[in-house]
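# Secondary and tertiary structure notes
These are the residues of each chain, in order.
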Amino acid sequence: MKTILITGAAGFIGSNLAKALISDNKIIGFDNVNDYYDVNLKKYRLSQLNSHPNFTFIKGDLADKQAVDSIFEQYKPDIVVNLAAQAGVRYSIDNPQAYIDSNLTGFFNILEACRNHPVEHLVYASSSSVYGSNKKVPYSTEDKVDNPVSLYAATKKSNELMAHAYSKLYDIPATGLRFFTVYGPAGRPDMAYFKFTNKLVKGEMIQIYNYGDMYRDFTYIDDIVTGVINVMNKAPEPNKDGVKYKVYNIGNNSPESLMDFVNILEQKLIKYGIIDHEAEKELLPMQPGDVYQTYADVSELEKDFGFKPSTSLEEGLDKFAEWYKDYYK
């Protein structure tokens, strides 16, 4: 039984990861439960974990160095999975400070704690947004990622650079995971599929950017969790420079048109009686910070773990619609 620290434990990926690991490991969940989106949803996720004897929850902020250090001192985690971050591309345009505090200062505090209290493996969330305006697809972890188009993306690229430096200097085995558009039950309400659903329920028009001509590598939550667990259990071997450091893409490696995505979502919401007709759609130009397409090359993940995400949109959105009906009655 390992002691695993999961930051962002009230978040979408963090809570699902904790659920998958909880029967065989001691889970320390850390989260500031901020109000970037509906706090009730975060409390709902935590409620599914709190009663388990292997789960300990601590409310605190990554930017609070003392809070982070005290967790490492008290619980001495074997593995750290850092999923806490200020998320969202558009929000970063209006609220840049939140990204500096959480994604840079917060991540620095995690790295310092791993240096002072050595861990077997640090796994941390990066993002497909680091690929910015790259034209070559599919996106490979070998590609240059020096052209972020949002502050959020810049902080995630910074995390990769910081982790590499700490890995090299202090021999911390570290793996970064570039997640591609994660969706599923109890997901993030700031994500397009959730926003669309909320609007459809209210009978409001939905806004589709770049006139619907956008492609996303939508990745179902269970595939993400399987990927994270595979990676967690196998710290990277030293690379040619002797650094125990690795970055992987975790994506469905099949980009879907945004319009197709909306159409499947509508069908599933009609199937579960959540709505009774298709929505009016307003087609708008591209938003600042958005990218035209995301597409993951997951050959490294396949090679090292014999796994790649494969849940279809049909299956994933069906599970989301079923959950949505149950949760919102």
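All of the points below concern the structure found in this document.

The rules behind the values
- In this numbering scheme, every chain counts its residues from 1 along its sequence in written order.
- In keeping with the predicted nature of the model, local features appear solely for residues at pLDDT of at least 70, side-chain atom pairs appear and are counted solely at 80 or more, and the whole-chain, interface and lining totals rest on all residues.
- Each side-chain value is derived from all of the structure's non-hydrogen atoms; neither hydrogens nor water enter the calculation.
- Secondary structure counts use DSSP, requiring at least four H or I residues in a row for a helix and at least two E residues in a row for a strand, with both numbered from the N terminus.
- Given a helix with a known number of residues, its expected span is that number minus one, times 1.5 Å.
- Any residue under 20% of the maximum accessible area for its type is buried, any over 50% is exposed, and the rest in between are partly exposed; the area is computed with a 1.4 Å probe on protein chains only.
- Just to be clear on terms, a salt bridge is a Lys or Arg side-chain nitrogen sitting within 4 Å of an Asp or Glu carboxyl oxygen.
- When DSSP finds two or more bridges between two strands, those strands count as paired.
- Axis definition: a line fit to C-alpha positions, over the contact stretch in the case of helices; interaxial angles, taken between N-to-C directions, run 0 to 180 degrees.
- By definition, residues are in contact when any of their heavy atoms lie within 4.5 Å.
- Stacked, edge-to-face and tilted are the three classes for Phe, Tyr and Trp ring pairs, Trp counted by its six-membered ring, which pair at centre distances within 6.5 Å; planes under 30 degrees apart are stacked, over 60 edge-to-face, the rest tilted.
- By definition, the crossover connecting two strands over a helix is right-handed if that path, from the first strand to the second, turns clockwise as seen with the strands pointing away from the viewer.

### Brief notes about helix H8 (residues 221–232)
- Given a rise of 1.5 Å per residue, twelve residues ought to cover 16 Å, and the 16 Å separating the end C-alpha atoms of H8 matches this to within 8%.
- Within H8 the residues assigned to the buried category are Ile221, Asp223, Ile224, Val225, Gly227, Val228, Ile229, Val231 and Met232.

### Quick look at the pattern of salt bridges
- This model, assessed by the stated rule, comprises 17 salt bridges.
- A salt bridge links Lys136 to Asp143, with the shortest nitrogen-to-oxygen separation between them at 2.9 Å.
- Residue classification places Asp143 among the buried residues on the basis of a relative accessible area of 16%.
- The residue Glu266 makes a salt bridge to Lys281 at a minimum N-O spacing of 3.2 Å. Here Glu266 is found in helix H9 (residues 258–271), whereas its partner Lys281 is found in strand E13 (residues 281–283), with 15 residues between them in sequence.
- In this structure Glu266 comes out as buried when scored by relative accessible area, which is 0%.
- Accessibility expressed as a relative area gives 27% for Lys281, which makes it partly exposed.
- Each of Lys246, Glu300, Lys303 and Asp304 takes part in one network of salt bridges that share partners.

### Thoughts on the sheet that holds strand E5 (residues 121–127)
- With respect to topology, seven strands assemble into an open sheet ordered E3-E2-E1-E4-E5-E6-E11, the strand pairing being parallel. Edge positions in the sheet fall to strand E3 (55–59) and strand E11 (245–250), since each of these pairs with one other strand and no more. Put simply, the sheet's adjacent strands are angled 20° from each other on average, direction ignored.
- Bridge analysis of E5 against strand E6 (residues 174–179) gives six bridges, and the strand direction is parallel. Within E6, the residue paired with Val123 across the bridge is Thr175.
- Contacting E5, E6 and E11, helix H6 (residues 151–170) crosses the sheet at an angle of about 155° to E5.

### Structural notes on the packing of aromatic side chains
- Per the stated rule, a full pass over the model turns up 33 aromatic pairs.
- Relative to Phe180, the ring of Tyr131 lies with its centre 6.2 Å away and its plane at 35°, an arrangement referred to as tilted. Highlighted residues: Tyr131 in the loop between E5 and H6 and Phe180 in the loop between E6 and strand E7 (182–183), separated in sequence by 49 residues.
- Ring plane angle 80° and centroid distance 4.9 Å describe the contact between Tyr193 and Phe320, whose orientation is recorded as edge-to-face.

### Some words on the pairing of strand E1 (residues 3–7)
- Across the five residues of E1, five count as buried, placing the element largely inside the fold.
- Because side chains alternate across E1, one face comprises the buried residues Thr3, Leu5 and Thr7, and the other comprises Ile4 and Ile6, equally buried.
- Handedness of the crossover joining E1 and strand E2 (residues 26–31) through helix H1 (residues 12–21) is recorded here as right-handed.
- Where E1 meets strand E4 (residues 79–82), four bridges bridge the pair, whose relative direction is parallel. Considered in E4, the bridge of Ile6 is made with Val81.

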